[in-house]
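Topology and contacts: notes
What follows is each chain in one-letter form.
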Amino acid sequence: MVLKTEELKAEIRRMCQEKDAIILAHYYTIGDIQDIADFVGDSLALARKAAETDAKIMVMCGVHFMAETCKLLSPDKMVLCPDLAAGCSLADSCKAEDLKKFKDEHPGYQVISYVNTTAAVKALTDVVVTSGNAKKVVDQLPKDAKLIFGPDYNLGNYINEVTGREMLLWNGGCHVHERFSVEKIIALKKQYPEAVVMAHLECKAPVLAVADVKGSTATMLNYAQQSDKQQFIVATEAGILHEMQRTCPDKEFIPVPPEISESGLECSCNECQYMKMNTLEKVYNCLKTESPQIEIDPQIAKKAVKPIERMLELS
């Protein structure tokens, strides 16, 4: 029997109550997922929620590293991932064996890893950061500390710029944010001259240079909610527009299209295919079968949780 959308939502919520489960969703997931979630947020907010929840089961609707983070912070909880194949191009750009080799080549350096990394990479890390707290965390480290920042080059470059640091940067990037271009933003600005340009810190430096607001998804969302402006040009994954429109129904949000889409065709927004792998049907099935579950090697988990806990302490 194929359930309709509203039936699926009702069944998911029923099973959550029955099984003492909560659904966590990132802003980049589809609107239907965000609508049935107990908590919607960015990476930092989701990590904090995972650390404090009393629920027996967490369903992490996002990408694989986010589910791993939930498991690291709540090892005694059951953590479900609707689709284990929902990966992350940024996490894929930094393999644990490559980072270990780089560390060995740079003795005396501390490693700052973006949260968009695997548990194995976090196990080689001194402190984890998100786009929302990276500057705050780096500012608290000794001024003479020798630092490696990875894997997002654009975020690391921005943090170097605003803190005056000279961190060694890993050359990784997000396939979504790498596709934004200054030309597309300038064209939209001509069409909407009164609009505020907002860009995620994973965007390239030229894109950040033309943005009025630079920050995490939560930073952009908060700005839109508090601003008296009516139009916003948004350079980040288009899923955030659902929450922006929900909380600011009288304002207009214009997504920046990619310079070239993955299909080579023009499209009106820039989406992460991995985030969109989360569907209502997959959430329903993983709750029903209590699978697939996230499991992490205990030795890796023991090391990987420490830099996350340090992040939460510093932020």
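So, a few notes on the structure that sits alongside this text. (Residues numbered from 1 in each chain as written. Predicted model: local features only at pLDDT ≥ 70, side-chain atom pairs only at ≥ 80, totals over all residues. Heavy atoms only, no water.)

Some words on the overall build of the protein
The condition is simple: Runs of H or I in DSSP of at least four residues are treated as helices and runs of E of at least two as strands, each being numbered from the N terminus. Here the globule rule is a power law, 2.2 Å times the number of residues to the power 0.38, and the radius of gyration is based on C-alpha atoms. Calculation of accessible area relied on Shrake-Rupley with a 1.4 Å probe; when residues are assessed, cover is drawn exclusively from the protein chains displayed. Positive charge is attributed to Lys and Arg, negative charge to Asp and Glu, and no charge count is given to His or to the chain ends. Charge placement uses NZ in Lys and CZ in Arg. For Asp and Glu, CG and CD serve respectively.
Of regular secondary structure, the protein possesses 15 helices and 12 strands. The C-alpha atoms of the protein give 19 Å as radius of gyration, which agrees with the globular expectation for 315 residues (20 Å, within 12%). Judged by the C-alpha coordinates and their principal axes, the protein covers about 55 × 55 × 35 Å. Here the protein displays about 14000 Å² of accessible surface, and carbon together with sulfur accounts for 49% of that area. Measuring between centres, the 36 positive side-chain charges of the protein sit 3 Å from its 45 negative side-chain charges.

Concerning unusual backbone geometry
As a reminder, the rule being used: The rule is simple: take the accessible area with a 1.4 Å probe, protein chains only, and divide by the maximum for that residue type; under 20% is buried, over 50% is exposed, in between is partly exposed.
Each neighbour pair has its own omega, and for Gly150 with Pro151 the value is -5°, a cis peptide bond. Structurally, Pro151 is set in the loop between β7 (147-150) and α9 (153-163). Residue Pro292 is reached from Ser291 by a cis peptide bond, and omega for that bond is 0°. On the secondary structure map, Pro292 appears in the loop between α14 (280-289) and α15 (298-314). The residue Asp20 is not glycine, and still its phi comes out positive at about 55°. Along the polypeptide, Asp20 turns up in the loop between α1 (5-19) and β1 (21-26). Of note in the backbone geometry, Glu290 takes a positive phi value of approximately 55° without being a glycine. By the element assignment, Glu290 lies in the loop between α14 and α15. Judged by its relative accessible area of 26%, Glu290 falls in the partly exposed class.

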